[in-house]
Amino acid sequence: MKRKLKASPLQRSILVFLADSGDCSLTILLNNLLSTSCLSPDSFLKEIERSLRILHRAGCLFLTRQKGEDRSDVLAQEMCSLDLSVIFSRKESDRDFIFVESGVDDIVVLLTNGGV
C-alpha cells in the first residue's frame, strides 16, 4: 500500500514535470521551473535543493551524473550536502542556469516507482 506524500507546490511541480518521460536533465528542470517562479534565483535554488532532498528521502526520485553514455548515482550522503549553487551558474543578463560541474556532462533526475 502506498503512503501519501504531503508535497509542497514546488515538489508537486517537480513530480509533474518528470511524469511524462520519467527522467530529465536537472538543467532543463531548473530553467523550466524558474520561468514560473516568483522567487529570486538564489532563493529558488535553495528551495529546489530542499525539495529534491525531501523527494529523494521519500523514495520519489534519485539523481545520476552522466558522463558520455555512462551514468553513476548520486549517493545519499551527497544528497544531504547537495549545493546547486556550486553546480550551476547564471549570468545576470540571462535568467537561465548553466551547468558548470567539471568532469560531468549533466545531472539527470529520475522518477522512481514511489514518485508515480
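Residues numbered from 1 in each chain as written. Predicted model: local features only at pLDDT ≥ 70, side-chain atom pairs only at ≥ 80, totals over all residues. Heavy atoms only, no water.

A.B. asks: Is there a simple way to think about the overall build of the protein in this case?
C.D. replies: Looking only at helices and strands, the protein has 5 helices and 6 strands in total. For the protein, whose C-alpha radius of gyration is 14 Å, the value lies close to the compact-globule estimate of 13 Å for 116 residues. In terms of overall dimensions, the protein has C-alpha extents of about 50 × 35 × 25 Å along its principal axes. Put simply, the protein has 116 residues, and 40% of those count as buried. Summarising the internal contacts of the protein: among those between residues at least 6 apart in sequence, 67% fall at separations of at least 24. (Helix = DSSP H or I, 4+ residues; strand = E, 2+ residues; numbered from the N terminus. Rg over C-alpha atoms; globule rule 2.2 N^0.38 Å. Buried < 20%, exposed > 50% of the residue type's maximum accessible area, 1.4 Å probe, protein only. Contact = heavy atoms within 4.5 Å.)

A.B. asks: Mind showing me how you'd approach the sheet that holds strand E1 (residues 23-25) here?
C.D. replies: Sheet strands pair via backbone hydrogen bonds, and the direction of the pair is either parallel or antiparallel. The strand order E1-E6-E2-E3 describes an open sheet built from 4 strands, whose pairing is antiparallel. Of all the strands in the sheet, the pair left with one neighbour each is E1 and strand E3 (70-73). Neighbour to neighbour, the strand axes of the sheet diverge by 30° on average, direction disregarded. Here helix H1 (residues 9-19) sits on the sheet and contacts E1, strand E2 (61-67) and strand E6 (106-111); the angle it forms with E6, its principal contact strand, is near 90°. With respect to the sheet, helix H2 (residues 26-34) is in contact with E1 and E6, its orientation differing from that of E1 by roughly 80°. (Pairing = 2+ DSSP bridges. Axes fitted to C-alpha atoms, helices over the stretch in contact; angles between N-to-C directions.)

A.B. asks: Whenever I open this one, the pairing of E6 confuses me. Can you help?
C.D. replies: The side chains of a regular strand alternate, residue by residue, between the two faces of the sheet. Counting buried residues along E6, 6 of its 6 residues qualify, which places the element largely inside the surrounding structure. Here E6 shows two buried faces, one formed by Asp106, Val108 and Leu110 and the other by Ile107, Val109 and Leu111. Pairing geometry for E2 and E6, over 6 bridges, is antiparallel. From the neighbouring strand, Thr64 faces E6, where its bridge partner is Val108.

A.B. asks: For this particular structure, what's the right way to read the environment of Cys80?
C.D. replies: On the secondary structure map, Cys80 appears in helix H4 (residues 76-80). C-alpha of Cys80 to C-alpha of His56: the two residues are 24 residues apart in sequence and 9.7 Å apart in space.

A.B. asks: So what exactly am I meant to see when it comes to H1 here?
C.D. replies: Turn by turn, an α-helix covers 3.6 residues, leaving residues three or four places apart pointing in a common direction. Within H1, the full set of buried residues consists of Leu10, Gln11, Ile14, Leu15 and Leu18. For H1, the angular spread of buried residues about the axis comes to 140°, placing them on one side. Turned more than 90 degrees off the buried face of H1, the exposed positions are Pro9, Val16 and Ala19. In this fold, the buried residues of H1 make contact with E1, H2, helix H3 (41-57), E2 and E6. (Arc of directions from axis to C-beta.)

A.B. asks: Sorry, what's going on with the side chain of Gln11 here?
C.D. replies: Inspection of the secondary structure puts Gln11 in helix H1. For Gln11, the side chain forms a polar contact with the main-chain nitrogen of Ser8, separated by 3.1 Å. When near neighbours in sequence (up to four residues on either side) are disregarded, Gln11 contacts Lys6, Arg50, Ser51, Ile54 and Leu55. (Polar contact = N/O pair within 3.5 Å; in protein donor to acceptor, adjacent residues only side chain to side chain.)

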